[in-house]
Amino acid sequence: GAGVSQSPSNKVTEKGKDVELRCDPISGHTALYWYRQRLGQGLEFLIYFQGNSAPDKSGLPSDRFSAERTGESVSTLTIQRTQQEDSAVYLCASSPLYGGLYGEQYFGPGTRLTVT
Amino acid sequence: TQLLEQSPQFLSIQEGENLTVYCNSSSVFSSLQWYRQEPGEGPVLLVTVVTGGEVKKLKRLTFQFGDARKDSSLHITAAQPGDTGLYLCAGLLITQGGSEKLVFGKGTKLTVNP
């Protein structure tokens, strides 16, 4: 595709429900990243994929968060038993190579998650 | 712990004024990027600096990487309303495991008033 796409663009869910967020990276990009951006905050790194494997899961805030990637393409970020503090914009990025040349990443528009 | 400190956090200026945004850290980065983010969109890469002391210019924007590769600045000349947005600096750290991690500052929210 022309750019990184994410769906849904907005998600409102009740506390305790599970949610799945989807990311479609730029075709051919082998690296994929998930970030969380709380209101007024910078980007918080969550997880990174090289191909379908995740060498760095250190940013996942709790075991309620998980992510997978299949076919070196689409990735889903799953949040189980959502809490109000999970409310944020979840951004996905991809880069052509491992880490991207000097780290340049291309971002999607994000999914705004609101937990009520 | 905030690895990258950006200042100022908020900046409101009049069209035509100059401004500088700073990004500081105690860590050394292999490279540093500046991104611009508009509401409802993801960050868009403006520039990458790699070499200590490097200066890059992008039209009215001038980016500088500190000699020690721990800090950077973004200077905008004759700001225009179209420059309004959230400016983020991000440094690329190489972790002990050899993977790369992009660490972001909290951003500078710039408003340029006509």
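Residues numbered from 1 in each chain as written. Chains lettered and ligands numbered in written order. Predicted model: local features only at pLDDT ≥ 70, side-chain atom pairs only at ≥ 80, totals over all residues. Heavy atoms only, no water.

Draft legend 1. Structural context of the overall build of chain B. For chain B, the helix and strand inventory stands at zero helices and 11 strands. When its helices and strands are written in sequence order, chain B yields β-β-β-β-β-β-β-β-β-β-β. A compact globule built from 114 residues would reach a C-alpha radius of gyration of about 13 Å, and chain B, at 14 Å, matches this within 12%. Overall size of chain B, expressed as C-alpha extent along the three principal axes, is 50 × 30 × 20 Å. Expressed as a percentage of the 114 residues in chain B, the buried residues total 45%. If you take every contact in chain B between residues at least 6 apart in sequence, the share linking residues at least 24 apart comes to 54%. Within the structure as shown, chain B displays about 5,400 Å² of accessible surface, and the carbon and sulfur contribution to it stands at 49%. For chain B, the centre of its 10 positive side-chain charges and the centre of its 10 negative side-chain charges are spaced 3 Å apart. (Helix = DSSP H or I, 4+ residues; strand = E, 2+ residues; numbered from the N terminus. Rg over C-alpha atoms; globule rule 2.2 N^0.38 Å. Buried < 20%, exposed > 50% of the residue type's maximum accessible area, 1.4 Å probe, protein only. Contact = heavy atoms within 4.5 Å. Areas by Shrake-Rupley, 256 points an atom, 1.4 Å probe, with all protein chains shown as cover. Lys, Arg positive; Asp, Glu negative; His and termini not counted. Charge placed at Lys NZ, Arg CZ, Asp CG, Glu CD.)

Draft legend 2. Quick look at the interface of chain A and chain B. Opposite the 21 residues of chain A that make contact, chain B presents 23 residues. Between chain A and chain B, the buried area comes to about 1,700 Å², and carbon and sulfur atoms account for 54% of it. For the interface between chain A and chain B, the tally reads zero salt bridges. Linking chain A with chain B are four residue pairs in polar contact (both at pLDDT 80 or more), by the criterion used here. Of all elements in the fold, only β4 (31-37) and β5 (43-50) of chain A reach the threshold of two or more residues within the side of chain A that touches chain B. The element that contributes the greatest number of residues to the side of chain A that touches chain B is β5 of chain A, accounting for three residues. Considered class by class, the residues forming the side of chain A that touches chain B number nine nonpolar, 10 polar and two charged. (Buried area = accessible area lost by both parts, 1.4 Å probe. Salt bridge = Lys/Arg side-chain N within 4 Å of Asp/Glu carboxyl O. Polar contact = N/O pair within 3.5 Å; in protein donor to acceptor, adjacent residues only side chain to side chain. Nonpolar A, V, L, I, M, F, W, Y, C, P; charged D, E, K, R; others polar.)

These values are about where atoms sit, not about what they do.
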